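Each chain is listed here by its residues.
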Amino acid sequence: GAGVSQSPRYKVAKRGQDVALRCDPISGHVSLFWYQQALGQGPEFLTYFQNEAQLDKSGLPSDRFFAERPEGSVSTLKIQRTQQEDSAVYLCASSFLQAGIPDTQYFGPGTRLTVL
Amino acid sequence: DAKTTQPPSMDCAEGRAANLPCNHSTISGNEYVYWYRQIHSQGPQYIIHGLKNNETNEMASLIITEDRKSSTLILPHATLRDTAVYYCIVGYGSSNTGKLIFGQGTTLQVKP
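These remarks concern the structure in this document. Everything numeric in this text was worked out from a predicted model, so none of it was measured. (Residues numbered from 1 in each chain as written. Chains lettered and ligands numbered in written order. Predicted model: local features only at pLDDT ≥ 70, side-chain atom pairs only at ≥ 80, totals over all residues. Heavy atoms only, no water.)

### Examining the state of the cysteines
Per the counting criterion, the structure on display carries two disulfides over all chains. The residue that forms a disulfide with Cys23 of chain A is Cys92 of chain A, at a sulfur-sulfur distance of 1.8 Å. Handedness of the Cys23 of chain A-Cys92 of chain A disulfide follows from its S-S torsion of about -65°: it is left-handed. Of the two residues, Cys23 of chain A sits in strand β3 (residues 19-24) while Cys92 of chain A sits in strand β9 (residues 88-95), which places them 69 residues apart along the sequence. On the accessibility criterion, Cys23 of chain A (0% relative accessible area) is buried. A sulfur-sulfur distance of 2.1 Å marks the disulfide that ties Cys22 of chain B to Cys88 of chain B. A torsion of -85° about the S-S bond marks the disulfide between Cys22 of chain B and Cys88 of chain B as left-handed. Highlighted residues: Cys22 of chain B in strand β2 (residues 18-23) and Cys88 of chain B in strand β8 (residues 84-91), separated in sequence by 66 residues. When its relative accessible area of 1% is taken as the criterion, Cys22 of chain B is described as buried. Given a relative accessible area of 0%, Cys88 of chain B falls into the buried group. Unpaired in this structure, Cys12 of chain B has its nearest cysteine sulfur neighbour in Cys22 of chain B, at a distance of 18 Å. Residue Cys12 of chain B is classed as buried on the basis of its relative accessible area, which comes to 9%. (Disulfide = S-S within 2.5 Å. Helix = DSSP H or I, 4+ residues; strand = E, 2+ residues; numbered from the N terminus. Buried < 20%, exposed > 50% of the residue type's maximum accessible area, 1.4 Å probe, protein only.)

Next up, the structure:
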């Protein structure tokens, strides 16, 4: 497809489990962003990649959160030892241009994570 | 924290223009005003952006005041499918990595 895809769309995890969320950005897009959206709130920035380089991870809430984009395309957000407060929708977005240049971000449908 | 202030909710009659206000009194000279919307259970969708001048595209118009401290998003003929949360975002200064800082947004309810 032509848009940003994310998988799985829904994930239920028991507290303490590790999870991995996948993002397939639009082909050729340089920039990739991860956001976390709690119920009833606006999305909050987690981390940013320019190609394979992670240039900003200031929004990651703890060292249990880890993101990678090894080949500059697909990205994975990993959460270790999940906690109930990690329950949220995780959104991925990509844009064609590099950071600092105004550009449209294209969002995927998100992965809804529920931690029991 | 978000740099913008928006009303939490608004109603609009189908077929009428929807005017969504946004205050961004601390905007700096190189920051753009962006509007995104989020329909229920979907990811946010880009609508429009501008720096100083008014902008128009196939979805909406953006009116920015001369002092750039506020703006208005105009949906000229609202339809039921325009019911969504609308986010006004200020960003893309030269020191910014491009991350979007969302606030609470305005929930627009278009009614038949």
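Now, onward.
### Considerations on the sheet that holds strand β3 (residues 32-38) of chain B
Residue and element names in this part refer to chain B. Here five strands make up an open sheet; going across it, the order is β1-β9-β8-β3-β4 and the pairing mixed. The open sheet is flanked by β1 (9-13) and β4 (45-50), the only strands paired with a single partner. Across the sheet, the mean angle separating the axes of adjacent strands is 25° when strand polarity is ignored. Sheet topology places β3 next to β4; five bridges connect them, and they run antiparallel. Residue pairing for β4: Val33 is matched across the bridge by Gly50. (Pairing = 2+ DSSP bridges. Axes fitted to C-alpha atoms, helices over the stretch in contact; angles between N-to-C directions.)

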